[in-house]
Amino acid sequence: MIVLGGNQRELARAKNLKKQQEMGKKKGGESGEALKARKERDAAMMREKQKKAEEKQASGASGGTKK
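For the protein, the name recorded in an unreviewed UniProt entry is Small EDRK-rich factor 2, with Stylophora pistillata as its organism.

Structure below.
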């Protein structure tokens, strides 16, 4: 049995490996000051969200709801 043109799988594998390496390079783009600033911004947003949730719970709890 003669197999012709059987390297399509290897070519696809090589192409995918190159693509994965490129994606890995792009993924680690944020570092240093940008990362620190984003973390601070996210933390501030979460604190504000938690504050609103606590205020809502406090106003709802004083309503005297029954279970």
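**Student:** I would appreciate a short explanation of the overall build of the protein in the present structure.
**Tutor:** Along the backbone of the protein there are two helices and zero strands. Taken over 67 residues, the protein has a buried fraction of 0%. Total accessible area computed for the protein in this model is approximately 7000 Å², and 55% of it derives from carbon and sulfur atoms.

**Student:** Can you walk me through the pattern of salt bridges in this structure?
**Tutor:** Two side chains that carry opposite charge are able to pair once their charged atoms sit near each other. One pass over the structure, following the stated rule, counts one salt bridge. Measuring nitrogen to oxygen at the nearest pair gives 3.5 Å for the salt bridge that ties aspartate 42 to arginine 38. With a gap of four residues between them, aspartate 42 and arginine 38 both fall in helix H2 (residues 33–61), about one helical turn apart. Of the residues examined, arginine 38 reaches a relative accessible area of 29% and is grouped as partly exposed.

What counts and how
Residues numbered from 1 in each chain as written. Predicted model: local features only at pLDDT ≥ 70, side-chain atom pairs only at ≥ 80, totals over all residues. Heavy atoms only, no water. Helix = DSSP H or I, 4+ residues; strand = E, 2+ residues; numbered from the N terminus. Buried < 20%, exposed > 50% of the residue type's maximum accessible area, 1.4 Å probe, protein only. Areas by Shrake-Rupley, 256 points an atom, 1.4 Å probe, with all protein chains shown as cover. Salt bridge = Lys/Arg side-chain N within 4 Å of Asp/Glu carboxyl O.

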